[in-house]
Amino acid sequence: MTGIYRASARLGAVLASLVCGPAMAQTLTIASSAPVTSIDPHYHTLSPNESFDGQMYERLVDHDAHGKLIPSLAESWSLKDDTTWEFKLRPGVKFHDGSNFTAEDVAYTIARVPRVKNSPASFSIYTQAVKSVEVVDPQTIRLHTDGVYPLLPIDLSQVFIIPHGLGADPTTEDFNAGKNAIGTGPFRFVSYKPGDRIELDRFDGYWGPKPQWEHVSYRMLSNDASRTAALLAGDVGIIEFVPPTDLPKLRTDPRVTLAEVISNRSIFLWLDHSHEGPTPYVFGPNGETLAKNPLKDRRVRLALSLAINRQAIVERVMEGAAIPTGQYLPPGAATYNPDIKPPPYDPARAKALLAEAGYPNGLRITLHGPNDRYVNDAKIIQAVGQMWQRIGVQTTVEPSPWSAFVSRAGRQELSAFLLGWGVSTGEGINPLRAQLGTWDAARGIGTANRGRYSNPTLDAMVEQALRTLDDGARDKLVQQAMALAMDDVPVIMLHLQKAIWATRKGLVYEARTDEETRAVSVKAVP
Amino acid sequence: MLTWLVRRLIQALFVVLAMTVIVFIGVHIIGNPVDILISPEADQAERARIIANLGLDQPLWRQYLVFLNGALHGDLGRSFVFNEPALKLIAGRMPATMELAVTAVLMSVVIGVPLGLYAGLKPNGLLGRTIMAGSILGFSLPTFWVGLMLIMVFAVQLGWLPSTGRGQTAALFGVQWSFLTWDGLRHMAMPALNLSLFNISLVLRLTRAGVRETLPMDFIKFARAKGLSPARVIFVHVLKNIMIPVVTVVGLELGSTIAFAVVTESVFAWPGMGKLIIDSINVLDRPVIVAYLMMIVLLFITINLLVDILYTMLDPRVRLETKG
């Protein structure tokens with residue numbers, strides 16, 4: 001009798017679980033927009049990888065949804081003297097393998113980062129400022145820098161901590177196989193199928209608030225239309241990088257909730273500053289070669305900028321998934337300068353400026369850009385081409401795949417071309433140094449300065465900011481430097497992309513300016 | 001037979017060599033993989049270090065010789081992106097593509113031949129005409145669009161099938177296959193159908209044309225006059241005679257279905273080789289591109305070889321030696 005009773009009770013439980021599906025309710029399926037190429041958090045500085053790593057691993061310092069620095073594995077940090085940063089580490093944090101998180105692990109991680117074998121883009125750019133590491137006690141670590149370096153906490157907000165128990169030089173393959181895939185994050189590794197999905201389970205020893213999801217399935221759906229379809233079909237709970245063409249439809253769909261925020265990714269046109277003489281793709285109005293590069297003249301650059309109707313691009317081409325901008329950062333970001341407005345649309349003044357610069361009959365320009373990199377990239381340059389046409393600049397538009405485009409842009413073979421820049425650090429020194437700093441291989445400045453813009457006054461101001469330890473004073477300097485730079489029109493700023501997520505009804509996501517998708521920030525609502 | 005085989009293999013070797021040279025030069029002209037892989041925030045010293053690390057600082061001819069030397073030892077290089085041997089990467093993705101392609105080609109035979117046979121026997125019937133009209137849609141509609149429509153109808157509207165991805169897998173001979181589980185089959189249904197639509201139409205039309213051509217022939221009339229049952233006439237005498245073009249096409253289509261399943265794979269997020277090769281081309285991951293194309297060339301050569309051997313079984317008049 002009791003046997004039967006027990007059996008039926010068990011059957012009842014099974015039936016109940018089938019009907020209510022609690023297991024299903026606690027599984028979150030995320031559709032990411034690009035393949036994750038490695039589980040090794042120090043292998044490749046690739047945003048899809050970093051976005052995934054945030055589920056499993058943690059950094060000393062993290063960013064909140066608005067890009068502000070917040071404590072993570074470090075509870076606090078301070079400058080001991082001009083060249084020494086001290087980080088107080090969070091006690092009671094465990095790794096997925098059960099070991100305790102201590103200063104040893106931080107030292108181990110910083111030592112490992114530059115040693116990853118065959119890394120195609122190393123995280124050492126974020127650790128190279130550290131000249132030596134001093135473990136004071138298990139909960140305290142001091143990092144010594146070469147000279148004053150106020151940006152160290154920001155740099156370290158990109159570096160995921162792994163346990164020192166992994167031994168000397170753990171291999172990337174062992175991370176991908178799961179053996180080394182150990183972090184302190186809210187979810188732990190279960191399996192990785194390259195190009196398909198990564199399965200994760202909740203880590204019950206997590207120090208922070210307990211995540212709502214028992215299981216996370218992280219799927220890679222790079223095709224835009226399929227990603228939207230998977231959401232509508234209910235196969236996934238949340239999708240990232242919602243394609244703008246689907247936006248109008250999804251905004252009115254009762255099955256879907258959208259989360260959007262203006263991201264740190266700006267889209268702009270680079271102009272060639274490297275050639276004093278003729279630049280490769282700018283000619284006189286009748287196709288004649290010009291003696292000097294007209295793009296070196298600020299009036300010409302300003303004319304090209306004023307000729308663009310940014311509002312129209314944002315509304316028509318981007319379907320409202322962007323805002324016009326005149327600088328690299330969105331309102332609300334650290335060092336955002338509210339005095340820099342998006343350049344107005346003024347074709348009459350643009351024409352006058354061109355005439356004043358000695359080109360009353362206009363110019364002939366070929367505008368290049370990628371067609372598979374940024375949201376609607378090819379359509380944007382087509383729109384710009386038509387707008388330039390209206391001020392008498394005959395424009396040929398040439399979009400091409402990123403792989404064929406980017407090398408040419410980096411060799412200064414182009415005259416005007418579209419690019420984007422996501423400010424990973426969330427503050428202005430990053431673009432001012434990497435984008436607009438004078439190209440200097442020895443000092444590592446101007447690394448992304450593909451137009452080879454050079455402005456010694458700007459360089460000096462940024463250098464001064466980098467040596468300023470007081471946060472308020474430094475931010476002021478950066479704001480001034482940004483105003484100075486933008487007034488000279490080194491690049492033609494167009495817009496800041498919005499980062500947009502779509503969830504099934506009943507789920508909400510806290511949109512992040514850094515475009516990362518985190519399972520812990522997806523919440524079920526009644 | 002043996003000289004023929006040896007000759008075929010030597011030809012194959014030259015095709016593979018020529019292909020590797022073309023890929024090396026092609027990728028070199030398009031751009032530098034480091035420009036795509038590297039973080040734009042990395043400094044110039046880091047960039048130089050990575051270029052040297054990947055061996056891209058060497059002149060192209062030397063890079064090619066290094067590759068040839070490795071290939072002779074069974075090493076086709078490591079992927080720049082994944083830091084894993086290119087062959088291992090491709091082998092890991094191969095079962096997914098193989099099961100999809102083989103299922104699609106099987107479907108094209110199982111569905112295409114009977115439909116074609118019917119349309120050939122009853123060319124003026126309503127059903128026969130409908131089949132022929134349908135086949136026009138089958139090969140003229142773009143795979144990409146059909147795939148999305150399938151998802152919209154069966155996954156989004158009706159909710160019968162999962163929209164994308166590969167389902168649960170089970171091991172057979174140490175390899176994970178999804179056709180062994182119910183969930184796997186449900187996931188495979190739409191991509192396999194999408195991939196086979198074109199082939200179904202092709203096989204169907206070939207079969208119909210063959211039937212129409214064979215029916216009025218003398219040996220069919222004699223077979224009928226001899227009093228053979230209609231079933232035997234159709235399934236033995238007609239069918240066997242129309243199989244040569246069908247086998248040729250199915251063989252070639254198997255090759256191209258495997259090699260070019262990429263559109264279907266990306267629409268359905270199917271983790272096969274096609275997606276791998278497209279991603280690799282986008283980032284100029286040369287070792288993977290070279291290894292993949294070498295494999296595809298070998299695949300086509302093998303399939304052609306098998307098709308030639310099948311001919312001799314289907315048609316005793318064909319002799320391999322005389323064909324050369």
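Peer 1: Help me understand the pairing of strand β12 (residues 256-271) of chain A in this model?
Peer 2: Each regular strand displays side chains that alternate between the two surfaces of the sheet. Residues and elements named next belong to chain A. Most of β12 sits inside the fold, with twelve of its 16 residues counted as buried. The sheet contact formed by β12 and strand β18 (residues 491-504) spans twelve bridges and is antiparallel. Bridging from a neighbouring strand, S266 pairs with L496 of β18. Strand direction decides the pairing type here: β12 and strand β17 (residues 416-422), joined by seven bridges, are antiparallel. By the bridge assignment for β17, W270 is matched with F417.

Peer 1: In this structure, what is going on with the pattern of salt bridges? I would like to understand it.
Peer 2: Note that side chains of opposite charge can pair when their charged atoms are close. All names here are of chain A. The full count for this structure, using the stated rule, is 35 salt bridges over all chains. The shortest N-O distance in the salt bridge between R265 and E515 comes to 3.3 Å. In this pair, R265 sits in strand β12 while E515 sits in the loop between β19 (507-509) and β20 (522-524), placing the two residues 250 residues apart along the sequence. Across this residue pair, the class does not change: R265 and E515 are buried. What emerges from the salt-bridge pattern is a single network uniting R59, D62, E516 and R518.

Peer 1: For this particular structure, what's the right way to read the packing of aromatic side chains?
Peer 2: Two measures describe an aromatic ring pair: the distance that separates the ring centres and the angle between the ring planes. Residue and element names in this part refer to chain A. Following the criterion strictly, the structure yields 17 aromatic pairs over all chains and no others. Where F268 meets Y328, the ring centres are 5.6 Å apart and the plane angle is 75 degrees; that geometry is what we call edge-to-face. Placement of F268 in strand β12 and of Y328 in the loop between β14 (322-324) and α12 (347-356) is noted, with a sequence separation of 60 residues between them. For Y328, a relative accessible area of 0% corresponds to the buried category.

Peer 1: In this structure, what is going on with the nonpolar core? I would like to understand it.
Peer 2: Within soluble globular proteins, side chains that are nonpolar tend to cluster in buried spots. Grouped together as the largest cluster of nonpolar side chains are 182 residues, with contacts concentrated most on A:L60, A:F87 and A:W388. Among the elements that make up this core, the one with the highest residue count is helix α13 (residues 286-314) of chain B (13 residues). When residues of this core are sorted by domain, at least three fall in each of domain 1 (7-255 + 505-524) and domain 2 (264-497) of chain A. Not counting the four nearest positions on each side in its chain, A:W388 is found in contact with A:L269, A:L304, A:A307, A:I308, A:I365, A:L367, A:V393, A:T395, A:A416 and A:I492. The next biggest cluster of nonpolar side chains, apart from the first, holds 25 residues, and it includes A:L221, A:A229, A:L250 and A:A502.

Peer 1: What is the right way to read helix α16 (residues 456-466) of chain A from this model?
Peer 2: Residues spaced three or four apart along an α-helix point in a common direction, a consequence of the helix completing one turn every 3.6 residues. Residue and element names in this part refer to chain A. Of all the residues in α16, the buried ones are L458, M461, V462, A465 and L466. Projected onto a plane normal to the axis of α16, the buried residues spread over an arc of 140 degrees and lie on a single side. Packing partners of the buried residues in α16 comprise α15 (429-434) and α17 (471-487).

Peer 1: Would you take a moment to explain the interface of chain A and chain B for this structure?
Peer 2: How big an interface is tends to be stated in terms of accessible area lost as the parts join. Contacts between the two partners involve 54 residues from chain A and, on the opposite side, 47 residues from chain B. Taken over both partners, the interface formed by chain A and chain B buries close to 3900 Å², and the fraction arising from carbon and sulfur atoms is 48%. Run the count over chain A and chain B and you get one salt bridge. One salt bridge connects B:R78 with A:E173, and the closest N-O pair in it is separated by 3.4 Å. At the junction of chain A and chain B, the tally comes to 16 residue pairs in polar contact (both at pLDDT 80 or more). Sorting the residues of the side of chain A that touches chain B by element identifies α5 (124-127), α7 (172-176), β10 (215-220), α8 (224-232), α14 (402-410) and β17 of chain A as the ones contributing at least two each. In terms of residue class, the side of chain A that touches chain B is made up of 22 nonpolar, 22 polar and ten charged.

Peer 1: Explanation requested: the pairing of strand β5 (residues 84-89) of chain A in the structure shown.
Peer 2: All names here are of chain A. Buried residues dominate β5, accounting for five of its six residues. The pairing of strand β4 (residues 74-81) with β5 spans six bridges and is classified as antiparallel. In the strand pairing of β5, L79 is matched with W85. If you look at the hairpin formed by β4 and β5, you'll find two residues sitting between the two strands. One ladder, built from five bridges, connects β5 with strand β7 (residues 140-145); its direction is antiparallel. Residue pairing in the sheet places K88 in a bridge with T140 of β7.

Peer 1: Teacher, can you tell me more about the packing of helix α11 (residues 310-317) of chain A against helix α13 (residues 377-390) of chain A here?
Peer 2: Describing two packed helices takes the angle between their axes plus the distance from one axis to the other. All names here are of chain A. Where α11 meets α13, the closest approach of the two axes is 11 Å, and the angle between their N-to-C directions is 140 degrees. The angle between the axes of α11 and α13 places the two elements in the oblique class. In terms of crossing hand, the pair formed by α11 and α13 is right-handed. Contact with α11, carried on its side by A312, I313 and V317, involves K379, I380, A383, V384 and M387 of α13 and no other residues of that element.

Peer 1: What exactly am I supposed to notice about the domain arrangement of chain A here?
Peer 2: All names here are of chain A. Split into domains, chain A comes out as domain 1 (7-255 + 505-524) and domain 2 (264-497). Centre-to-centre, using C-alpha coordinates, domain 1 lies 33 Å away from domain 2. Counting from both sides, the interface comprises 15 residues of domain 1 and, opposite them, 18 residues of domain 2. Both sides together, the interface formed by domain 1 and domain 2 hides about 1500 Å², and carbon and sulfur atoms give 60% of it. Area buried by domain 1 at its contact with domain 2 is led by V148, P150 and P244, which between them contribute 31% of it. At the boundary of domain 1 with domain 2, the tally comes to one salt bridge. Across the contact surface, domain 1 and domain 2 share four residue pairs in polar contact (both at pLDDT 80 or more).

About the criteria used
Counting of residues starts from 1 at the beginning of each chain's written sequence and follows it residue by residue. Each chain is given a letter, starting from A, and each ligand a number, starting from 1, according to the order in which they appear as written. Where totals are concerned, whole chains, interfaces and linings use all residues; where local detail is concerned, this predicted model gives features only for residues with pLDDT of at least 70, and gives and counts side-chain atom pairs only at 80 or more. Only hydrogens and water are set aside; all other atoms, that is, all heavy atoms of the structure, feed into the side-chain values. Categorising residues by exposure relies on relative accessible area from a 1.4 Å probe, with only protein chains included: less than 20% of the type maximum marks a residue as buried, more than 50% marks it as exposed, and the intermediate range marks it as partly exposed. Helical segments are the DSSP runs of H or I of at least four residues, strand segments are the runs of E of at least two, and each set is numbered from the N terminus. When DSSP finds at least two bridges between two strands, those strands are taken to pair. The term salt bridge refers to a pairing of a side-chain nitrogen on Lys or Arg with a carboxyl oxygen on Asp or Glu at a separation within 4 Å. Two rings from Phe, Tyr or Trp (for Trp, the six-membered ring) form a pair when their centres are within 6.5 Å of each other. A pair whose planes differ by under 30 degrees is stacked, one over 60 is edge-to-face, and the rest are tilted. Among buried residues, those of type Ala, Val, Leu, Ile, Met, Phe, Trp, Tyr and Cys that are joined through side-chain atoms within 4.5 Å constitute a nonpolar core. Start and end points for every domain follow an automatic or database-based domain assignment. Contacts between residues were defined by any pair of non-hydrogen atoms, one from each residue, lying within 4.5 Å. Taking the helix axis as origin, the arc is that swept by the directions to the C-beta atoms. The buried area of a pairing is the accessible area, by a 1.4 Å probe, that goes missing from both parts when the two are put together, added over both. Any pair of N or O atoms that falls within 3.5 Å is considered a polar contact. Within protein, one atom must be able to donate a hydrogen and the other to accept it, and sequence-neighbouring residues count only if both atoms are side-chain atoms. Gly is placed with the polar residues, together with every amino acid not listed as nonpolar (Ala, Val, Leu, Ile, Met, Phe, Trp, Tyr, Cys and Pro) or charged (Asp, Glu, Lys and Arg). An axis is simply a line fitted to the C-alpha atoms; with a helix, the fit covers only the stretch in contact. Between two such axes, the angle follows the N-to-C directions and lies from 0 to 180 degrees. Note on angle classes: values under 35 degrees are labelled roughly parallel, values over 145 roughly antiparallel, values of 65 to 115 roughly perpendicular, and the remainder oblique. Left-handed describes a crossing whose near helix is turned anticlockwise from the far helix through less than a right angle; right-handed describes the clockwise counterpart.

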